[in-house]
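Remarks on the overall topology
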Amino acid sequence: TPSKEGKMFIKALFDYDPNEDKAIPCKEAGLAFKKGDILQIMSQDDATWWQAKREGDANPRAGLIPSKHFQERRLALRRPEVLVQPLNVSNRKSYAECGGISRGTDLAGFRRSFRLSRKDKKTNKSMYECKKSDQYDTADVPTYEEVTPYRRQTHEKYRLVVLVGPVGVGLNELKRKLLISDTQHYGVTVPHTTRPRRSQESDGVEYIFISKHLFETDVQNNKFIEYGEYKNNYYGTSIDSVRSVLAKNKVCLLDVQPHTVKHLRTLEFKPYVIFIKPPSIERLRETRKNAKIISSRDDQGAAKPFTEEDFQEMIKSAQIMESQYGHLFDKIIVNDDLTVAFNELKTTFDKLETDTHWVPVSWLH
Ligand code: 5GP
């Protein structure tokens, strides 16, 4: 089994094709992989090129992959905003030589490099001419993440399921379908609001009604996953509201903006992130012809028929989400036909409860 002592697995957070890598000593020796692939590390003897096998291949072949440090460094170089000044040719040479600093890193050293990212920053400070050490944040340069197999035990709480996707993609419809398919099993959070309770509403059902003062205090104390303002009132989803769904032994379904996901990636929530992706623009035109869109979360106005601009906006927004946060997605479901997408979602949930999944090692300590 993959959890055997001494074996080390990483999840690739970027796509890699050795044929397009000018730095690799021998292209044939390289191992191509895609974002999300699980790789077993066979050797880290070389500081720049590791040897790895892809997990799940029928005939896994060991090949060269760029080391974490090497990849981080060259990705950082492509991002001018983290550098005070671009490295000139002579600097570049010293940069290449820097690869030698961590030569001979053993597995323990690699593990340390994940946990002690502050130290990383310090080391990098000396390698790059960064203005401040914290301007170079390795967490913003997704390369690899050390992972381990995890299977939920029956006594454990369910993992938090986070749904992300562009406006109009059908995320709420899918969520609603899932909720009504088994109301005992699935739950959603109750948001907080500062607006007055309406007569037909009860506290703790539609909303948790609180004062503006308390809301502001809670914001300062980081109690919210997200919040917003609408017609002079605050609305927000608290971390405790997620906890209370999980405490009822339910699967908590949460839809948030993708940038909030990184704050939820903790041992407590072990979030499983599902990206609901639009199909091609042609399919959107065909399938959403008679459908309506509620153009924004804060727009209570009546749903309107989709326009060509809505389709284009949806596709563009999905592309941005995928390129910026794709490394945090555990599953991508294309919502072309709603029934098909729903069945895929349902299967994903069933597997989540029974199968073994790869999770960051930091979640199991
Ligand atoms: P109402 O006051 O009519 O119940 O809702 C007003 C608006 O607040 C709606 O558009 C609703 O979607 C939005 N809203 C409800 N809950 C939340 C929340 O947790 N966060 C944010 N940002 N908006 C919310």
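Residues numbered from 1 in each chain as written. Predicted model: local features only at pLDDT ≥ 70, side-chain atom pairs only at ≥ 80, totals over all residues. Heavy atoms only, no water.

1. Overview of the packing of aromatic side chains
Evaluation of the coordinates by the stated rule reveals 18 aromatic pairs. Here Y207 and F209 contribute two aromatic rings whose centre-to-centre distance is 5.9 Å and whose plane-to-plane angle is 65°, an arrangement assigned as edge-to-face. Judged on exposure class, the residue Y207 and its partner F209 are both buried. A centroid spacing of 4.3 Å and a plane angle of 20° characterise the contact between F215 and F224, whose relative ring orientation is stacked. (Phe/Tyr/Trp six-rings, centres within 6.5 Å; stacked < 30°, edge-to-face > 60°. Buried < 20%, exposed > 50% of the residue type's maximum accessible area, 1.4 Å probe, protein only.)

2. Some remarks on the sheet that holds strand β3 (residues 49-54)
With antiparallel pairing, six strands are arranged side by side in an open sheet as β4-β3-β2-β1-β5-β17. Of all strands in the sheet, those with a lone pairing partner are β4 (63-66) and β17 (357-360), marking the two edges. On average, each strand axis in the sheet is tilted by 55° relative to the strand beside it, whichever way the strands run. Both β3 and β4 contribute to a ladder of four bridges, which runs antiparallel. Residue Q51 lies in a different strand from β4, and its bridge partner there is L64. In this fold helix α1 (residues 68-77) packs onto β3, β4 and β5 (144-150), with an angle of close to 45° to the strand it touches most, β4. (Pairing = 2+ DSSP bridges. Helix = DSSP H or I, 4+ residues; strand = E, 2+ residues; numbered from the N terminus. Axes fitted to C-alpha atoms, helices over the stretch in contact; angles between N-to-C directions. Contact = heavy atoms within 4.5 Å.)

3. What to know about the sheet that holds strand β11 (residues 233-238)
If you trace the four strands from one edge of the open sheet to the other, you get β9-β8-β11-β10, paired in mixed fashion. Whereas interior strands pair on both sides, the edge strands pair on one side only; in this sheet they are β9 (208-209) and β10 (224-230). Direction of pairing for strand β8 (residues 192-193) relative to β11: antiparallel, over a ladder of two bridges. Across the sheet, T193 pairs through a bridge with Y235, a residue of β11. The sheet strands contacting helix α6 (residues 212-220) are β8, β10 and β11, and the helix crosses β11 at an angle near 45°. Against the sheet, helix α7 (residues 239-247) engages β10 and β11, with an angle of about 45° to β11.

4. Some points on the pattern of salt bridges
With the rule as written, the count across this model stands at 15 salt bridges. Across the salt bridge formed by D37 and R54, the nearest N and O atoms sit 3.6 Å from each other. Linking D37 in the loop between β1 (8-12) and β2 (38-43) with R54 in strand β3, this pair joins segments that are 17 residues apart in sequence. Its salt-bridge partner being E72, residue K68 comes within 3.1 Å of it at the nearest N-O pair. Here E72 and K68 lie together in helix α1, a separation of four residues that amounts to about one turn. Look at the salt bridges and you will find they share partners, linking D37, R54 and D57 into a network. (Salt bridge = Lys/Arg side-chain N within 4 Å of Asp/Glu carboxyl O.)

What is shown is where atoms sit, not what they do.
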